[in-house]
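Examining the three-dimensional arrangement
So you can see what is in the structure, the chains are spelled out below.
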Amino acid sequence: MSLDIRSPTASDGVSALLGDARYELMPFDSFDDEITHLPDGATVTVTASPQLGIERTVERSVEAANAGYEVVPHVAARYVEDRDHLEAIAGRLTDAGITDVFVPGGDLGDPAGEYASAHDLLVDLEATGYDFEEVGITGYPEGHAFLSEETLRESMDDKAPYATYVTTQLCYDPDAVLAWIEDVRARGIDLPVEVGIPGVMKYQRLLQISRKVGVGDSMRFLQKTSGVLGFLKQLVGSRGRYAPDDLVEGLAAHADDPEYGIRGVHVYTFNQTADLESWRREKLD
């Protein structure tokens, strides 16, 4: 039975999840405008794009840090050429005052250089001497379209010693997220979790983004999770607009439960921040 959002437990949980959300932005031309809709000093994560490369991620991250935002660059392993390139990236981020990095494997079909996986890069990052306060890795509550569950578990077990938190991939089912966290805890991994949720999205806007980036970073990203079918059904059923009310409310009761260790939400904005912020503020009010 779903919780009544008006109850103290549910409302407190929603506030805990949305009060200090992380916002994922793609480093496209709209970046400068989209970031202005976010709260001052918000935590902004900056993705790596196959079309734009890791250099654009670093550039946007440094710009946002200089503007006063807390920035989390995606240092995607398959985009980094070698140890020298990694050290150069880490140095630029450190010089900009960035203390948190997220290390996914990355979407490039063929690695740009020596790093085929996030684990490969994490090992070298630790050896560089650049000591970031926070290092995030990826979790997959609904699995991965191209990787088996066994492979995903082995990968997380390998990466966890190098990380300080986990950010989950996009998921539309709160029960799937909670069951995944329970499984992770049962395996002895106690890293705090940033639950990845979709933002407020308009179908037409999503299509515009997809066309703008050619083959469509956004649509390829959606295809990584089996939950994309549920999302599309909701999107069509809501006349082209999706908001994550049910997802947030389904997680709310566990937001402050130390056994789950949910630290907050990571919002995949798809560069639609104005509608997202209006929705978030309404939920908090």
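Quick note: structure is the one above.
Overview of the structure. (Residues numbered from 1 in each chain as written. Predicted model: local features only at pLDDT ≥ 70, side-chain atom pairs only at ≥ 80, totals over all residues. Heavy atoms only, no water.)

All right, on to the packing of helix H7 (residues 174-186) against helix H11 (residues 245-252) then. Between H7 and H11, the least distance of the axes is 8 Å, while the angle of their chain directions is 40°. Judged on the interaxial angle alone, H11 and H7 are oblique. Mapping the contact onto sequence places Pro174, Val177 and Leu178 in H7 and Asp246, Leu247, Gly250 and Leu251 in H11. Grouping the constituent residues of the contact of H7 with H11 by class yields 5 nonpolar, 1 polar and 1 charged. (Axes fitted to C-alpha atoms, helices over the stretch in contact; angles between N-to-C directions. Helix = DSSP H or I, 4+ residues; strand = E, 2+ residues; numbered from the N terminus. Parallel < 35°, antiparallel > 145°, perpendicular 65-115°, else oblique. Contact = heavy atoms within 4.5 Å. Nonpolar A, V, L, I, M, F, W, Y, C, P; charged D, E, K, R; others polar.)

If you check H7, its first and last C-alpha atoms are 18 Å apart, about what 13 residues at 1.5 Å a residue would give, namely 18 Å. Regarding H7, its N-cap is aspartate 173, as a side-chain oxygen of that residue lies 3.0 Å from the backbone nitrogen of aspartate 175 further along. Backbone geometry just after H7 places glycine 188 at a positive phi near 90°. (Expected span 1.5 Å × (residues − 1). Polar contact = N/O pair within 3.5 Å; in protein donor to acceptor, adjacent residues only side chain to side chain.)

Turning to helix H4 (residues 83-95), a few remarks are in order. Between the first and last C-alpha of H4 there are 18 Å, a value that for 13 residues agrees with the 18 Å anticipated at 1.5 Å per step. Every buried residue belonging to H4 is among His85, Leu86, Ile89, Ala90, Gly91 and Leu93, and all of these are buried. In this fold, the buried residues of H4 make contact with helix H3 (53-66), strand E3 (70-73), strand E4 (100-102) and helix H5 (118-128). Regarding H4, its N-cap is aspartate 82, as a side-chain oxygen of that residue lies 3.2 Å from the backbone nitrogen of aspartate 84 further along. Immediately beyond the C-terminal end of H4, within one or two residues, lies glycine 97, with a positive phi of roughly 85°. (Buried < 20%, exposed > 50% of the residue type's maximum accessible area, 1.4 Å probe, protein only.)

Within the element layout of this structure, leucine 247 appears in helix H11. On a C-alpha basis, the gap between leucine 247 and valine 177 in space is 9.7 Å, while along the polypeptide they are 70 residues apart.

The next thing to look at is the sheet that holds strand E5 (residues 134-139). Here we have 8 strands laid out as an open sheet, ordered E3-E2-E1-E10-E7-E6-E5-E4, and parallel in their pairing. Edge positions in the open sheet fall to E3 and E4, since each of these has one partner strand only. Adjacent strand axes in the sheet meet at a mean angle of 25°, parallel and antiparallel pairs treated alike. Sheet topology note: the strand E1 (residues 22-25)/strand E10 (residues 262-268) ladder contains 3 bridges and is parallel. Across the sheet, glutamate 24 pairs through a bridge with tyrosine 268, a residue of E10. (Pairing = 2+ DSSP bridges.)

This part is about the side chain of glutamate 194. For glutamate 194, the location among the structural elements is in strand E7 (residues 193-198). At 2.8 Å, the side chain of glutamate 194 forms a polar contact with the side chain of arginine 263. Residues within four places of glutamate 194 in sequence aside, it is in contact with Arg22, Tyr165, Val166, Thr167, Thr168, Arg263, Gly264, Val265 and His266.

Turning to unusual backbone geometry, a few remarks are in order. One non-glycine residue, phenylalanine 270, lies in positive phi territory at about 50°. Here phenylalanine 270 is to be found in the loop between E10 and helix H12 (273-284). Here phenylalanine 270 falls in the buried class, since its relative accessible area comes to 5%. The phi angle at asparagine 271 is positive, at roughly 55°, despite the residue not being glycine. Here asparagine 271 lies in the loop between E10 and H12.

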